[in-house]
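Residue-level structural notes
Okay, here's what each chain looks like letter by letter:
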Amino acid sequence: MRIHRIHSPLALEPGEAITLTGKPAHYLGRVLRVTPGQSIVLFNGDGCDYACEVRQPGKNSLTLGVLSRLPAKPESPLHIIVAQAISRGERMDQTLQKCTELGVMAFQPLWSERVEVRLRGEKLARRHSHWEGVVISACEQSGRAVIPQVLPPGAGERLANAAQGQSIELAVGPEGGFSAAELDMMASAGIMPVSLGPRILRTETAAPAAVAVLQALQGDF
C-alpha cells in the first residue's frame, strides 16, 4: 500500500499525538479514506519527515500518533532564488511548482513595468496564499522537507540585491520582457544577462530551464 506524504503546519515530535483539522484532515479522511493503523508521512518544513500512524479518524478531524523522525531528501547545495515577474494564472503556478521540484530555495514575485496582472489588497493576499499552497503541494510530491519561501511581491529595485557565492538569483521577466530602463538598472547593479539558447522561451519556462542548467552544472543533478 502506498504511504501518503502530506504537509502539516503543526509541531511534530516522536511519541506525541497530534490532531489534524481543516484541509489535511479532509484530504486524509474524506478523499483518501485512511483507516486506523494506516501509516502516513508528515512534514512541517523543519527539514525532516515524520512517520505517523492513524489513530482515530473523525468527521472533521484526524488523530495521528507521531512514531519517529525520518531522514528527508537532501537539499541542493545551491541556494537559488527565483525573482519572477508576476505572470497570469497557471503560468505563475507552473513556475513555482517546477522550480520547487528542481530545488529552488526562495521566490521573489516581481512587479515590473510590463507585468499585466493587477493585484491589490485582499486579492493580492489571496493570490500570495495560493502561491504558498502551490509550493507546499510541490514539496509533497517531490519529497522535499524544506519549504521554499514565497516573499511578498516587490518592485524591480529588488533585483539590485543580487546574491553572491553559492547563492544565485535568477531574474525572469514578464511575457513582454524587462523594459530598457529595468535592463539598464540591472546592468548597473552588476546583474549579468544570460542566454538559454536561440529559441524564445515563455516566462513560465525560462526559470525552470535555467534552474535545471544550474543544477546540472553546479548542483545535485
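For the structure given in this document, a descriptive report is provided here. (Residues numbered from 1 in each chain as written. Predicted model: local features only at pLDDT ≥ 70, side-chain atom pairs only at ≥ 80, totals over all residues. Heavy atoms only, no water.)

Next up on the list: the sheet that holds strand 3 (residues 39-43). Sheet architecture is open: five strands sit in the order 1-3-4-5-2, paired in mixed fashion. With one partner strand each, in any of the chains shown, strand 1 (4-7) and strand 2 (17-21) form the two edges of the open sheet. Looking at each pair of strands side by side, their axes are set apart by 40 degrees on average, direction ignored. Direction of pairing for strand 4 (residues 49-57) relative to strand 5 (residues 61-70): antiparallel, over a ladder of eight bridges. Bridge pairing in strand 5 links Val54 to Leu64. Along the sheet, helix 1 (residues 22-31) contacts strand 1, strand 2, strand 3 and strand 5; its crossing angle with strand 2, the most-contacted strand, is approximately 90 degrees. (Pairing = 2+ DSSP bridges. Helix = DSSP H or I, 4+ residues; strand = E, 2+ residues; numbered from the N terminus. Axes fitted to C-alpha atoms, helices over the stretch in contact; angles between N-to-C directions. Contact = heavy atoms within 4.5 Å.)

Before going further, it helps to spend a moment on the pairing of strand 7 (residues 106-110). The buried count for strand 7 comes to five of five residues, which makes it a mostly enclosed element. Burial along strand 7 is two-sided: the face carrying Ala106, Gln108 and Leu110 and the face carrying Phe107 and Pro109 are both buried. By the bridge criterion, five bridges tie strand 6 (residues 79-85) to strand 7 in an arrangement that is parallel. Counterpart to Ala83 in the pairing with strand 7 is Gln108. Handedness of the β-α-β unit built from strand 6, helix 2 (residues 89-102) and strand 7 comes out right-handed. Both strand 7 and strand 8 (residues 149-150) contribute to a ladder of two bridges, which runs parallel. Considered in strand 8, the bridge of Phe107 is made with Val150. Crossover handedness for the path strand 7 to helix 3 (residues 121-142) to strand 8: right-handed. (Buried < 20%, exposed > 50% of the residue type's maximum accessible area, 1.4 Å probe, protein only. Right-handed = clockwise from strand over helix to strand, strands pointing away.)

Taken by themselves, the reported measurements are silent on function.
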